[in-house]
Amino acid sequence: MAIARVVTFEGVSADRMRELKEGMESGEPPEGMPKSELIVLHDPEAERSTAIVIFDSEEDYQRGHEILDSMPSENTPGKRTSVTKHDVAIRMTG
């Protein structure tokens, strides 16, 4: 079963989100990061963001969580307000 790491952030401006998107599109994932899927939701009016990283296994989740948790704050969208772990119960693409 896939596992999701869901992180919420405050203080995420539209400019900051643009910077992150450009950096991610032109860069590489962090060293050692297991294969994963990333979805980032952004509410520019409230300056809040939610990042969802989906891993294929518990082992990948643990490795990815350690890598992401140790990232410097300048590499994150804003001030981290929560980190939670979820089983991916339903996953569909159209």
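Residues numbered from 1 in each chain as written. Predicted model: local features only at pLDDT ≥ 70, side-chain atom pairs only at ≥ 80, totals over all residues. Heavy atoms only, no water.

Its 12 residues place the ends of helix 2 (residues 58-69) 16 Å apart at the C-alpha level, agreeing with the 16 Å of an ideal helix rising 1.5 Å per residue. Within helix 2, burial applies to Asp60, Tyr61, Gly64, Ile67 and Leu68. Down the axis of helix 2, the smallest arc covering the buried residues is 135°, so these residues share one side. In helix 2, those exposed residues whose orientation departs by more than 90 degrees from the buried face are Glu59 and Glu66. Packing partners of the buried residues in helix 2 comprise strand 1 (3-10), strand 3 (48-55) and strand 4 (79-87). (Helix = DSSP H or I, 4+ residues; strand = E, 2+ residues; numbered from the N terminus. Expected span 1.5 Å × (residues − 1). Buried < 20%, exposed > 50% of the residue type's maximum accessible area, 1.4 Å probe, protein only. Arc of directions from axis to C-beta. Contact = heavy atoms within 4.5 Å.)

Let us look at the pattern of salt bridges. In total, this model carries nine salt bridges according to the counting rule given. With a shortest N-O distance of 3.4 Å, Asp69 and Arg5 are connected by a salt bridge. Taken together, the residues Asp69 in helix 2 and Arg5 in strand 1 connect sequence positions 64 residues apart. Overall, Arg5 belongs to the buried group, its relative accessible area being 5%. Linked through salt bridges whose partners overlap, the residues forming this network are Arg5, Asp69 and Arg80. (Salt bridge = Lys/Arg side-chain N within 4 Å of Asp/Glu carboxyl O.)

On to the sheet that holds strand 3. What the four strands build is an open sheet, ordered 2-3-1-4; its pairing is antiparallel. With partners counted over all chains shown, the strands left at the sheet margins are strand 2 (36-43) and strand 4, one partner each. On average, each strand axis in the sheet is inclined to that of its neighbour by 15°, with strand direction left out of account. Where strand 1 and strand 3 come together, eight bridges link them in antiparallel fashion. Each residue of the ladder has a partner; that of Glu10, found in strand 3, is Arg48. (Pairing = 2+ DSSP bridges. Axes fitted to C-alpha atoms, helices over the stretch in contact; angles between N-to-C directions.)

On to the side chain of Ser49. You can see Ser49 is positioned in strand 3. Relative accessible area serves as the criterion here: at 2%, Ser49 is assigned to the buried category. A distance of 3.0 Å separates a polar side-chain atom of Ser49 from the backbone oxygen of Leu41. In contact with Ser49, not counting residues within four places along its chain, are Val7, Thr8, Phe9, Val12, Met17, Val40, Leu41 and His42. (Polar contact = N/O pair within 3.5 Å; in protein donor to acceptor, adjacent residues only side chain to side chain.)

A word on the packing of aromatic side chains. In total, this model carries one aromatic pair according to the counting rule given. Ring centres of Phe55 and Tyr61 lie 5.9 Å apart, and the angle between their planes is 90°; on these two criteria the pair is classed as edge-to-face. Just as Phe55 is buried, Tyr61 falls in that class too. (Phe/Tyr/Trp six-rings, centres within 6.5 Å; stacked < 30°, edge-to-face > 60°.)

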